[in-house]
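Residues per chain, in single letters:
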Amino acid sequence: MKSISAAGLLFLLQSAVAANVTAARPTTGPFANVTGSVDDHKVCRCSVFLPDTTFPVQRMESLEILAQHLSNKFESELSKIKNLSLMVNELESLDKHNILAVRREILALKNKLQECEANTNQSTTSHYIPPGSCSHGGIANASQPFVIQLNWRGFDYKYGAWGRYTSPLNPEKEFYWVAPLNTDGRYLEYYRLHDSFDDLLLFRYSNQFRILYGQGSGMVAYNNYMYFNQHGSRDMSKLDLSTNTVVLKKTLPDAAFNNRFSYAGVSWQDLDFAVDENGLWVIYSKEASTGNIVISRLNETTLEVISTWETRQYKPAVSNAFVVCGVLYATRPINTRKEEIFYTYDTNTGREGRTSITLDKMLETIQSINYSPIDGKLYVFNDGYLVQHQLTFQTLPQQK
């Protein structure tokens, strides 16, 4: 409330007296908020109530702060909405791509199913194939793994090879050989010979020999000789199992060596020897073949190369390989418990092919696979364990 002196309000009072308003009665004109009275000295005293004209600075500041806060919050929420919109658009795009990918996968599976059905319709009947015979249409299936035992040197010796062989001196008798590499996975130094399967199971051996030195898990025994890659070279060595004597060394022309093109997951297997119904083979690569698999048929007596075939399959992309009736079969891992025979090369026709035959495995890595034409079995060295798979073969159309 503000007080104003009588002199300043003389005009107001005169107007009030002229309107015959008693001094004690409140004014009722346009100045309804003015009240007055006459004191004992006949002096008029008035009170006027005026509005507060002070500018509300603090309130304005509060309102500005509130407005800024609301503006920031609005911008934040708007940004969230924009981000959500972008995410929705991305999800929609991703969903479209996923749908397309699923459709392509379904189409690929349908094509594979049709191919399998076609192969099944052609020939899926298996029958007994006499050992050593090639009167069949290739491998149809492989049995579940039959785990024989851990190799004789122990669990730390994860690399190596084993198999069955015959001797010309006693062709009716079965012999077995086991050759674990040293723990470095490179040196072939010791191997054992067993005169029967029972002896193998009982760790009873006819001979335990030491050699200096083989390299890698690509060795094989055939007709009382062991063939292996001589350490640090592209030389092939022929070892007499009766005397533990290297009787012949021969350089394999242009072969890559010293871990240049070994198998996937298995080092130092540049030269991989194999035996089938036709004789002795070596699987390797050349620089000129850009690492693709090369197959050579060998003369077992002289180690001369008889014939050579170059494939289009990159050797370090396969985990192992073997030969049956002149057909190369290559494997690859599916996961830690399954391997797949997926690739073939027929040296009889020069044709490459695809197949899908699953090999169950006990442990993660297969270091070597040797095929024995004596009994039609695969002899697998699986992280130190000796494992067998019995193969079954497709029936030729004319044999139905």
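Scroll up to find the structure.
Described below are features of the structure shown in this document. (Residues numbered from 1 in each chain as written. Predicted model: local features only at pLDDT ≥ 70, side-chain atom pairs only at ≥ 80, totals over all residues. Heavy atoms only, no water.)

### Description of the overall build of the protein chain
Our working rule: Helix and strand definitions here come from DSSP, where helices need a minimum of 4 consecutive H or I residues and strands a minimum of 2 consecutive E residues; each element is numbered from the N-terminal end. Buried residues are those whose accessible area, probed at 1.4 Å on protein chains only, stays under 20% of the maximum for their type, while exposed residues exceed 50% and partly exposed ones sit between those limits. Whether two residues touch is decided by their heavy atoms; if any such pair falls within 4.5 Å, the residues are in contact. Only the protein chains shown count as cover for residues, with accessible areas throughout obtained via the Shrake-Rupley method and a probe of 1.4 Å.
Each helix and strand in the protein chain was counted, giving three helices and 22 strands. The buried share among the 400 residues of the protein chain stands at 40%. For the protein chain, contacts bridging at least 24 residues in sequence account for 50% of all contacts bridging at least 6. Accessible surface for the protein chain amounts to roughly 22,100 Å². Of this, 53% is attributable to carbon and sulfur atoms.

### What to know about the side chain of Gln269
Here Gln269 is to be found in the loop between β11 (245-251) and β12 (272-276). Excluding residues that lie within four positions of it along the chain, Gln269 makes contacts with Ser217, Gly218, Ser262, Tyr263, Lys315, Asn320, Gln367 and Ser368.

### What about a nonpolar patch on the surface?
The cut-off we apply is this: Put simply, a patch holds well-exposed residues, over 30% relative accessible area, that have no salt bridge, with like charges counted together within 9 Å and Val, Leu, Ile, Met, Phe, Trp or Tyr side chains within 5 Å. Every case where a carboxyl oxygen of Asp or Glu lies within 4 Å of a side-chain nitrogen of Lys or Arg is listed as a salt bridge.
Together, Met60, Leu63, Leu66 and Leu70 make up a nonpolar patch on the protein surface, roughly 360 Å² of accessible area in all. A relative accessible area of 35% places Met60 in the partly exposed class.

### Brief notes about the nonpolar core
Counted only if it meets this: The nonpolar core is taken to be a set of buried Ala, Val, Leu, Ile, Met, Phe, Trp, Tyr and Cys residues, with the residues joined through side-chain atoms within 4.5 Å.
Among the nonpolar cores identified, the biggest contains 20 residues, and Ile139, Phe322, Val324 and Leu378 are the most heavily contacted of them. When residues of this core are assigned to their parent elements, the largest contribution, four residues, is made by strand β22 (residues 385-393). Excluding residues within four positions of it along the chain, Leu378 makes contact with Phe322, Leu359, Ile369, Asn370, Tyr371, Val387, Gln388, His389 and Leu391. Grouped together as the second largest cluster of nonpolar side chains are 17 residues, Trp177, Leu181, Leu193 and Leu241 included.

### Regarding the sheet that holds β12
Formally: In this analysis, strands are considered paired if DSSP registers two or more bridges between them. Interaxial angle, 0 to 180 degrees, is taken between N-to-C directions of lines fitted to C-alpha atoms, where a helix line uses only the stretch in contact.
Read from one edge of the open sheet, four strands run β12-β13-β14-β15, paired in antiparallel fashion. Looking at the sheet topology across the chains shown, the edges are occupied by β12 and β15 (305-314). Averaged over neighbouring strand pairs, the angle between their axes works out to 25° when direction is ignored.

### Describing the environment of Arg210
Quick note on the threshold: The term polar contact refers here to a pair of N or O atoms within 3.5 Å; inside protein, the definition further demands a hydrogen-donor-capable atom paired with an acceptor-capable atom, and it admits residues adjacent in sequence only when both atoms are side-chain atoms.
Structurally, Arg210 can be placed in strand β8 (residues 207-222). Along the primary structure Arg210 and Tyr190 are separated by 20 residues, whereas in three dimensions their C-alpha atoms are 4.5 Å apart. For Arg210, the residues in contact, after removing those within four places along its chain, are Glu189, Tyr190 and Asn244. A polar side-chain atom of Arg210 sits 3.3 Å from a polar atom in the side chain of Tyr190.

### Regarding the environment of Lys249
Its place among the elements puts Lys249 in strand β11. Considering only alpha carbons, one finds Lys249 and Asn229, 20 residues apart in sequence, at a separation of 9.5 Å. Not counting residues within four places of it along the chain, the set of residues in contact with Lys249 comprises Gln230, Met236 and Ser237.

### Let's talk about the sheet that holds strand β18 (residues 338-346)
In space, the four strands of this open sheet follow the order β16-β17-β18-β19, with antiparallel pairing throughout. Strands at the two margins of the open sheet, each flanked by one partner only, are β16 (320-324) and β19 (351-360). When the angles between neighbouring strand axes are averaged without regard to direction, this sheet yields 25°. Sheet topology note: the β16/strand β17 (residues 327-335) ladder contains five bridges and is antiparallel. Following the sheet pairing, Asn320 is matched in β17 by Thr331.

### So, the pattern of salt bridges
This structure, assessed with the given rule, holds twelve salt bridges. Connected through shared salt-bridge partners, Arg164, Glu174 and Asp375 make up one network.

### Describing unusual backbone geometry
In this structure, Trp268 is a non-glycine residue whose phi angle is positive, near 65°. You can see Trp268 is positioned in the loop between β11 and β12. We note that Leu303 has phi near 65°; this positive angle belongs to a residue other than glycine. When you line up the elements, Leu303 lands in the loop between β14 (292-298) and β15. With a relative accessible area of 1%, Leu303 lands in the buried category.

### So, the environment of Tyr165
If you trace the backbone, Tyr165 turns up in strand β5 (residues 160-167). Residues Tyr165 and Val275, spaced 110 residues apart in sequence, show a C-alpha to C-alpha distance of 9.8 Å. Apart from the residues lying within four places of it in its own chain, the contact partners of Tyr165 are Lys173, Glu174, Phe175, Tyr176, Trp177, Leu193, Ala221, Asn224, Leu241 and Ile374.

### As for the state of the cysteines
Which entries qualify depends on this criterion: Two cysteine sulfur atoms make up a disulfide if the distance between them is within 2.5 Å.
Under the definition given, this model contains one disulfide. Two residues share a disulfide in this structure: Cys134 and Cys325, whose sulfurs sit 2.1 Å from each other. Judged by the sign of its S-S torsion, about -95°, the bond between Cys134 and Cys325 is left-handed. Of this pair, Cys134 sits in the loop between α2 (57-122) and β3 (139-142) while Cys325 sits in the loop between β16 and β17, and the two are 191 residues apart along the sequence. By relative accessible area, Cys134 is classed as partly exposed at 34%.

### Focus on the side chain of Asn224
Its location among the elements puts Asn224 in the loop between β8 and β9 (225-230). Asn224 sits in the buried class, given a relative accessible area of 11%. Reaching out from Asn224, the side chain makes a polar contact with the side chain of Ser242 at a distance of 2.7 Å.

### Regarding the pairing of strand β7 (residues 187-194)
Burial of β7 is extensive: six of the eight residues sit out of reach of the surface. Connecting strand β6 (residues 170-180) to the antiparallel partner β7 that follows it, the hairpin turn spans six residues, and Gly185 within it adopts a positive phi of roughly 75°. Alignment of β7 against β8, held across six bridges, turns out to be antiparallel. Paired with Leu188 across the bridge in β8 is Gly214.

Don't take any of this as a statement about function, it's just geometry.
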